[in-house]
Structures are given as C-alpha cells and as structure tokens.
Amino acid sequence: MVEQEFLTAFKRVFVYQARKKFGLAENVSTVGRIARPLVIPLYILLLYFFTRNHYSLPLTILTFIGCAWLSAIAMDSIRRIYHIRSELAEPTTNPGKKRFRELDAFSFREQCIAYLISALVLTGVFASGMFIIAFLRTGETDLQIFVGLLSIPLVMLLEFKGVLPGHG
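Residues numbered from 1 in each chain as written. Predicted model: local features only at pLDDT ≥ 70, side-chain atom pairs only at ≥ 80, totals over all residues. Heavy atoms only, no water.

Chemist: Any details on the nonpolar core? Residues and values, ideally.
Modeler: Across soluble globular proteins, nonpolar side chains have a tendency to be buried as a group. Counting 12 residues, the largest nonpolar core is built from Ala68, Met75, Ile78, Leu103, Phe106, Ala114, Tyr115, Ala119, Ile152, Val155, Met156 and Leu164. Elements with a minimum of two residues in this core: α3 (56-88), α4 (108-138) and α5 (151-161). When sequence neighbours within four positions are dropped, the list of residues in contact with Tyr115 reads Met75, Ile78, Arg79, Leu103, Met156, Glu159 and Phe160. Listed in part, the 11 residues of the second largest apolar core include Phe50, Cys67, Phe126 and Ala127. (Core = buried A, V, L, I, M, F, W, Y, C linked by side-chain atoms within 4.5 Å. Buried < 20%, exposed > 50% of the residue type's maximum accessible area, 1.4 Å probe, protein only. Helix = DSSP H or I, 4+ residues; strand = E, 2+ residues; numbered from the N terminus. Contact = heavy atoms within 4.5 Å.)

Okay, structure coming up:
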C-alpha cells in the first residue's frame, strides 16, 4: 500500500511537471503556452553552440542555470509528492490521524535531507550526463560542469526562504 501511494503521487507529479514544462498546465498564460515549449530546445541549442565554440564562461553560467532549474523542479516535485502521498494515506478509520507527514511538518534537518537527495539525483544525472558527453567528445575532463552542482545550496536557501514559486 505504501509503495502504491508513492507511485500514484510520483505519477501525478511527473505528469504535472511535464505539462508545466511544455506549457500545457491549466494556469499558464497564452504567452507561456508558446514560450515554455521553446525553452528546452533553445537551452540545448545554446549548450551546443557554447560547447562547440569553446565558450567556457557562458557554458559554465548556462550549466549553473540548468542545474539550478533542475534543483528547483526536484524540490517542488518532492514537496508535491509528499503532499499527495499524505492525502492518499488519509485513514478512513481515524480521519484526524495521518500516516504520513507533510514535508512542511518535517524538521529543518529532515527537509534538508529530502530536498538534497531529490536535487542531487536529478541535477547529478544532468551534470554527469553533460560531463560524459563532453569527455567522449573532447577526451578532457570538463570540471566546469560540476560548478552547476553548486547551485543546489543556493536553490535550497531560496526554497527555505519561500522565494521559489510552487508552494501549495
């Protein structure tokens, strides 16, 4: 049952995030519906252009922005997964007592761990993929890609300050 609640929550959040990224979410403006689907291809084109022309500083900045974006997505997603899971686990026998806590009810340390794990997984996959692609293409270890991982503490700070959108 616990796994089913998690899988259901994960599927809902995955679909929500995909719809949001491609401008198909309900609360997206007309401009957002047009612009959002262009962000990912534009980002990939810029990555390709900066890599091909060996523009290190713009590539590092773009990588940092990409990692920060993925960290924010991961943190928003984990918050939503915990919320949905908590709603799904509402017991029918004792309606006031939940089996799972909302992420906001976690201690600061627990929130840090939950956010850090989710951000490291998603952002780490992105940064590792870019590192491998750069290594296979050039044969060099392009450590500037790992600068993007430094975005995680910044995004976590913004999350804890309530600056990032998507609460609720």
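After presenting the structure, the write-up continues.
Chemist: So what about the side chain of Ser118? Which residues, and what values?
Modeler: Looking at the secondary structure, you find Ser118 in helix α4. In this structure the side chain of Ser118 is engaged in a polar contact, spanning 3.2 Å, whose partner is the backbone oxygen of Ala114. Polar side-chain contacts of Ser118 include one of 3.0 Å to the backbone oxygen of Tyr115. (Polar contact = N/O pair within 3.5 Å; in protein donor to acceptor, adjacent residues only side chain to side chain.)

Chemist: Lay out the pattern of salt bridges with the relevant residues and their values.
Modeler: When charged atoms on two side chains of opposite charge get close, those side chains can pair. Counted under the stated rule, the structure contains four salt bridges. When the shortest N-O distance is used, the salt bridge between Glu26 and Arg19 registers 3.9 Å. Its salt-bridge partner being Arg80, residue Asp76 comes within 3.0 Å of it at the nearest N-O pair. You can see Asp76 and its partner Arg80 sitting in helix α3, four residues apart, about one turn around the helix. Exposure class is identical for Asp76 and Arg80. Each is buried. Via salt bridges that share partners, Asp76, Arg79, Arg80 and Glu159 belong to a single interconnected network. (Salt bridge = Lys/Arg side-chain N within 4 Å of Asp/Glu carboxyl O.)

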